[in-house]
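If you want the building blocks of each chain, they are given just below.
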Amino acid sequence: MRISVVTLFPEMFDAIADHGITGRALNEGLLSLETVNPRDFTEDRHRTVDDRPYGGGPGMVMKVAPLAQALTAARRAVAGQGEAVPRVVYLSPQGKPFNHDRAVALSRESALVLLAGRYEGIDERLLEQEVDEELSIGDYVLSGGELAAMVVVDALVRFLPGALGHEQSAAEDSFANGLLDCPHYTRPEVFAGHRVPEVLLSGDHERVRRWRLAQSLARTLSRRPDLLEGRQLSDEQEQLLAELVRERDI
Ligand SMILES: NC(=O)c1ccc(NCc2ccccc2)nc1
């Protein structure tokens, strides 16, 4: 998968390029990541990349010409022979909520352009002409779209074949089944006077599986009941949930 990011701060992306699963995916060629800086497309002495907003008011808007040229260069950088035009995703608080399903879908694209805005954002005409999808990683404003872009890259890399070693699996992690994850324990068996739940020491894999599923359901029910709305639970999940509801008299 080829990703190019339009950003005024390319060096920020070292954070995902030099570490962890994203760094390994890059080293192993599962992913390529390059940055395109609008500042490289400026023609004035001060290399100006922002401009004043029509209608006045606080803040600045990203200057149109450098950004338009940077987007063209970013698309060209990841375009594949005979492939569809790369999808352009703009990270902004006004975007659709980014979630597991969106990460899976984006991981299936052969090429992506991520647009990381700064200042108050970009000219609406550029948005309409150049952007295919606007995504938000949460209901808050960041100083720029770069961290949001890195969150998106980190989340989608996990679904690239080979990105996770055999010991991990994106298919089983929380949200893969639409539920919150169960509690995890490791050595020692007693820590600060608290024991590991006996079921996890039993060696009974079926019992462990059911316990973990029940824990996930209980957590989801108490912390994120919204995730259960409109969801088709399996018979087993329904049964476990009913038991939980009975036990907790809720
Ligand atoms: N919640 C998010 O995903 C997000 C994305 C970007 C961002 N800041 C850059 C920006 C500010 C205003 C308009 C467009 C982009 N803050 C939060």
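That block above? That's the structure.
These notes cover the structure that comes with them. Keep in mind the model is a prediction, meaning the values are calculated, not measured. (Residues numbered from 1 in each chain as written. Predicted model: local features only at pLDDT ≥ 70, side-chain atom pairs only at ≥ 80, totals over all residues. Heavy atoms only, no water.)

### Here's the deal with the overall build of the protein
So, step 1. Looking only at helices and strands, the protein has eight helices and nine strands in total.
So, step 2. Computed over C-alpha atoms, the radius of gyration of the protein comes to 23 Å, more than 25% over the 18 Å expected from 2.2 N^0.38 for 250 residues, which places it beyond the range of a compact globule.
So, step 3. Its C-alpha atoms give the protein principal-axis dimensions of roughly 70 × 40 × 40 Å.
So, step 4. Once local pairs closer than 6 in sequence are excluded, the contacts in the protein between residues at least 24 apart make up 74%.
So, step 5. Accessible surface, the protein: about 14,600 Å² in total, of which carbon and sulfur atoms supply 49%.
So, step 6. Computed over 28 positive and 40 negative side-chain charges, the separation of the two mean positions in the protein equals 2 Å. (Helix = DSSP H or I, 4+ residues; strand = E, 2+ residues; numbered from the N terminus. Rg over C-alpha atoms; globule rule 2.2 N^0.38 Å. Contact = heavy atoms within 4.5 Å. Areas by Shrake-Rupley, 256 points an atom, 1.4 Å probe, with all protein chains shown as cover. Lys, Arg positive; Asp, Glu negative; His and termini not counted. Charge placed at Lys NZ, Arg CZ, Asp CG, Glu CD.)

### Description of the packing of helix α7 (residues 205–223) against helix α8 (residues 235–248)
So, step 1. The contact between α7 and α8 brings their axes to 9 Å, and the two run at 65 degrees. Here the hand of the crossing between α7 and α8 comes out right-handed. On α8, the residues that touch E206, R209, R210, L213, A214, L217, A218, L221 and S222 of α7 are E236, Q237, Q239, L240, L241, E243, L244, V245 and R248. (Axes fitted to C-alpha atoms, helices over the stretch in contact; angles between N-to-C directions. Left-handed = near helix turned anticlockwise from the far one by under 90°.)

### Here we look at the pattern of salt bridges
So, step 1. Under the criterion given, the structure shown has 15 salt bridges.
So, step 2. Between E206 and R209 there is a salt bridge; the shortest N-O distance is 2.7 Å. Of the two residues, E206 and R209 are both situated in helix α7; the distance of three residues between them amounts to about one turn of the helix.
So, step 3. The class for R209 is partly exposed, based on a relative accessible area of 35%.
So, step 4. With a closest N to O distance of 2.8 Å, D226 and R224 form a salt bridge.
So, step 5. A relative accessible area of 38% means that D226 is categorised as partly exposed.
So, step 6. Each member of the salt-bridge network shares a partner with another, and the members are E206, R209, R210 and E236. (Salt bridge = Lys/Arg side-chain N within 4 Å of Asp/Glu carboxyl O. Buried < 20%, exposed > 50% of the residue type's maximum accessible area, 1.4 Å probe, protein only.)

### Re the site of the ligand
So, step 1. Taken together, 17 residues form the shell around the ligand, and within it Y90, I137, G138, Y140 and L142 come nearest.
So, step 2. In this structure, a nitrogen atom belonging to the ligand sits 3.1 Å away from a main-chain N or O atom of Y140.
So, step 3. A distance of 2.8 Å separates a nitrogen atom of the ligand from a polar backbone atom of L142.
So, step 4. For the ligand, whose free accessible area comes to 410 Å², the fraction covered by protein is 96%.
So, step 5. For the shell around the ligand, the element with the highest residue contribution is strand β5 (residues 87–97), accounting for four residues. (Near = heavy atom within 4 Å. Polar contact = N/O pair within 3.5 Å; in protein donor to acceptor, adjacent residues only side chain to side chain.)

### As for unusual backbone geometry
So, step 1. Residue P188 is reached from R187 by a cis peptide bond, and omega for that bond is 0 degrees.
So, step 2. Backbone geometry at Y119 places phi at a positive 60 degrees, although glycine is not the residue there.
So, step 3. Among the residues examined, Y119 registers a relative accessible area of 36% and is labelled partly exposed.
So, step 4. The backbone of A192 sits at a positive phi, close to 55 degrees, despite the residue not being glycine.
So, step 5. Positionally, A192 belongs in the loop between β8 (190–191) and β9 (194–195).

These figures capture arrangement, not role.
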